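Chain by chain, the residues run as shown.
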Amino acid sequence: MTRLMSVLCVAAAFGAQTGALAQARPDFSGTWKISQSKSSRNVVGNNPDIQFPSQLDVKQTPTDIAVVATSVRQRPVSATYTLDGSKVNVQAPEGITETGQAMLNGSNLVITSRRSFSSPVGDVVVDFKEVWTVNGNELTIEKTRTQVGDTPSTQKAVYDKS
Amino acid sequence: MRVRLAFATIFLGILLAAGAALQAHHSFSATYDGNKPITLRGKVVKLGWQNPHAHIYVGVTNADGKVVTWEVESAGPTTLMKQGLRKEDFVGAEVIIKGYLAKDGTPTVNASSFTLVDSKKEYVNEEKTQ
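Attention in this report is confined to the structure presented alongside it.

Cut-off values and rules
Per chain, residue numbering runs from 1 following the sequence as it is written. Each chain gets a letter, beginning with A, and each ligand a number, beginning with 1, in the order they are written. Local features in this predicted model are restricted to residues whose pLDDT is 70 or higher, and side-chain atom pairs enter the listing and the counts only when it is 80 or higher, whereas totals over whole chains, interfaces and linings include all residues. Hydrogen atoms and water are omitted, and side-chain values are computed over all heavy atoms in the structure. For the purposes of this entry, the term helix denotes a DSSP run of H or I that reaches at least four residues, the term strand denotes a run of E that reaches at least two, and both are numbered from the N terminus. The buried label applies to any residue whose accessible area, calculated with a 1.4 Å probe on protein chains only, is under 20% of its type's maximum; exposed applies above 50%, and partly exposed to all values in between. Only heavy atoms matter for contacts: two residues are in contact if any of them lie within 4.5 Å across the pair. With residues, only the protein chains shown are counted as cover, and all accessible areas are computed by Shrake-Rupley using a 1.4 Å probe. Buried area adds together the accessible area that both of two parts lose upon being put together, with accessible area traced by a 1.4 Å probe. Definition used for salt bridges: Asp or Glu carboxyl oxygen within 4 Å of a side-chain nitrogen of Lys or Arg. Side-chain atoms alone can form a polar contact between residues adjacent in sequence; in general such a contact is a pair of N or O atoms within 3.5 Å, and within protein one must be able to donate a hydrogen while the other accepts it. In this analysis, rings of Phe, Tyr and Trp, with Trp reduced to its six-membered ring, are considered paired at centre separations within 6.5 Å, and the interplanar angle assigns stacked below 30 degrees, edge-to-face beyond 60, and tilted for intermediate values. A ring has a charge above it when a Lys NZ or an Arg CZ is no more than 6 Å from the ring centre and no more than 35 degrees off the ring normal. What we call a nonpolar core is a set of buried Ala, Val, Leu, Ile, Met, Phe, Trp, Tyr and Cys residues that are connected through their side-chain atoms within 4.5 Å. Two strands form a pair only when DSSP identifies at least two bridges running between them.

Counting its regular elements, chain B contains three helices and six strands. Listing the helices and strands of chain B from first to last along the sequence gives α-α-β-β-β-α-β-β-β. Looking at chain B as a whole, 41% of its 130 residues are labelled buried. Pairs at least 24 residues apart make up 53% of the contacts formed inside chain B by residues separated by at least 6 positions. Of the accessible surface of chain B, which amounts to about 7300 Å², a share of 59% is contributed by carbon and sulfur atoms.

Attention shifts here to the interface of chain A and chain B. Where interface size is given, it is often the accessible area lost as the parts come together that is meant. Taken together, the contact between chain A and chain B spans 35 residues of the former and 36 residues of the latter. Across the chain A/chain B interface, buried area totals approximately 3000 Å², and carbon plus sulfur atoms make up 44% of it. Across the chain A-chain B interface, the total number found is one salt bridge. Between R75(A) and D33(B) there is a salt bridge whose closest N-O contact spans 3.3 Å. Between the two partners, chain A and chain B, sit 10 residue pairs in polar contact (both at pLDDT 80 or more). For the side of chain A that touches chain B, the elements supplying multiple residues, two or more each, are β4 (74-82), β7 (108-119), β8 (122-135) and β9 (138-147) of chain A. Considering every element that reaches the side of chain A that touches chain B, the biggest residue donor is β7(A), with four residues.

What follows covers the packing of aromatic side chains. In this description, an aromatic ring pair is defined by two values, namely the gap between the centres and the angle between the planes. Tallied over the full model, the rule gives four aromatic pairs over all chains. Ring centres of W49(B) and F90(B) lie 5.9 Å apart, and the angle between their planes is 50°; this geometry places the pair in the tilted category. Residue W49(B) is found in the loop between β1 (32-48) and β2 (55-61), and its partner F90(B) is found in the loop between α3 (77-82) and β4 (94-102); the two are separated by 41 residues along the sequence. Here the aromatic rings of F114(B) and Y123(B) are separated by 5.2 Å at their centres, their planes lie at 35°, and the arrangement is tilted. Y123(B) matches F114(B) in its accessibility class, with the two residues each being buried. Grouping aromatic residues by their ring pairs yields a cluster made of W49(B), F90(B), F114(B) and Y123(B). Its end group placed over the ring of F52(A), K143(A) keeps NZ or CZ at 5.3 Å from the ring centre. Positioned over the ring face of Y57(B) is K46(B), at 4.6 Å from the centre of the ring.

With that settled, the discussion passes to the pattern of salt bridges. Residues and elements named next belong to chain A. Summed over the entire model, instances satisfying the criterion amount to nine salt bridges over all chains. The closest approach of N and O atoms between E130 and K143, which form a salt bridge, is 3.8 Å. A residue pair is termed long-range when its members are at least 10 positions apart, and E130 in strand β8 and K143 in strand β9 qualify at 13 residues. Residue class for E130 comes out buried when judged on its relative accessible area of 16%. A relative accessible area of 7% means that K143 is categorised as buried. Salt bridges here are not isolated pairs; linked through shared partners, they connect K38, E138 and D160.

In summary, soluble globular proteins display a tendency toward joint burial of nonpolar side chains. Counting residues in each nonpolar core, the largest one holds 30 residues, and the members touching the most others are W70(B), F90(B) and F114(B). Broken down by secondary-structure element, the contributors of at least two residues to this core are β8 of chain A together with β1, β2, β3 (67-73), β4 and β5 (108-116) of chain B. Leaving out residues up to four positions away in the same chain, F90(B) has contacts with V44(B), L47(B), W49(B), I56(B), L80(B), L85(B), F114(B) and L116(B). By size, the runner-up hydrophobic cluster in this structure holds 25 residues, among which are W32(A), V43(A), V67(A) and W132(A).

Locating A63(B) in the fold gives a position in the loop between β2 and β3. With a relative accessible area of 76%, A63(B) lands in the exposed category.

Looking now at the pairing of β9(A). All names here are of chain A. Of the two faces of β9, the one lined by L139, I141, K143, R145 and Q147 is fully buried and the one lined by E138, T140, E142, T144 and T146 carries no buried residue. Where β8 meets β9, 10 bridges bridge the pair, whose relative direction is antiparallel. Bridge assignment links V134 to a residue of β9, and that residue is L139. The antiparallel hairpin formed by β8 and β9 contains two residues in its connecting segment, where G136 sits at a positive phi of about 65°. Here eight bridges tie β9 to strand β10 (residues 153-161), and the two strands are oriented antiparallel to one another. Among the inter-strand pairings, I141 is bridged to a residue of β10, identified as A157.

Attention now moves to the sheet that holds strand β5 (residues 88-89) of chain A. Residues and elements named next belong to chain A. Spatially, the 10 strands line up as an open sheet ordered β4-β3-β2-β1-β10-β9-β8-β7-β6-β5, and their pairing is antiparallel. Strands with a single pairing partner mark the edges of an open sheet, and in this sheet they are β4 and β5. Where strand β6 (residues 96-105) meets β7, 10 bridges bridge the pair, whose relative direction is antiparallel. From the neighbouring strand, M103 faces β7, where its bridge partner is V110.

Right, here's the structure in full:
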């Protein structure tokens, strides 16, 4: 009986360790540059339907993730998200207000944000949802843009680690 | 002497024309804000069907009920025609435009795509240059 209990304990401990490994947090840290050839049509270039930054600088700790998004001749957008999903202010260029939140969902990082700015037809509010997946030296971001009076659109961009 | 003067005049004319074309074909990022995407819906009131960019003027009703005329910069006629759009399709048509706001705060956008509601004809920007 004691021997059986010991075997079960060892099996349980082994199972827990395997589970912990499976649940290991993905690490998105690094400098990522957009790959034109791997990304879906119309995400780079002069005026894509959904704008993706040309470079991402990411620093991740066990509790938060800092992201600086840079685009060619555009002002950078940065934020430090806590990974518990708390809402944070995004440092956006002048004239833009943006809040966002991030959460790890299995092997993905999900960032949702709301951007608002004024325009000649009144205030514009745009919602974004980004799903990040890292695979070795490749980062894939699927981004959905939703705006009042418009159907949501989704595009995918692939970044290479540099 | 007269021949020289004629050549000089022609050369000056070419220089001026090239300068105007370059100014018309400006960089996206110099004029538009990539961080400010916008979707507009309204009726086309006027069309500038010329190279290097067609300009579509669209009446959009704002929250106060006032109609604001927006200038929408698009691809040139050749690109639009390749995507099945003709000059006759525009004026009076209802259009949904996705694009980016001008940096100067004027009602001007650069279209990344648009759809003519009734005819369901679409334009998608496929330019791949930065």
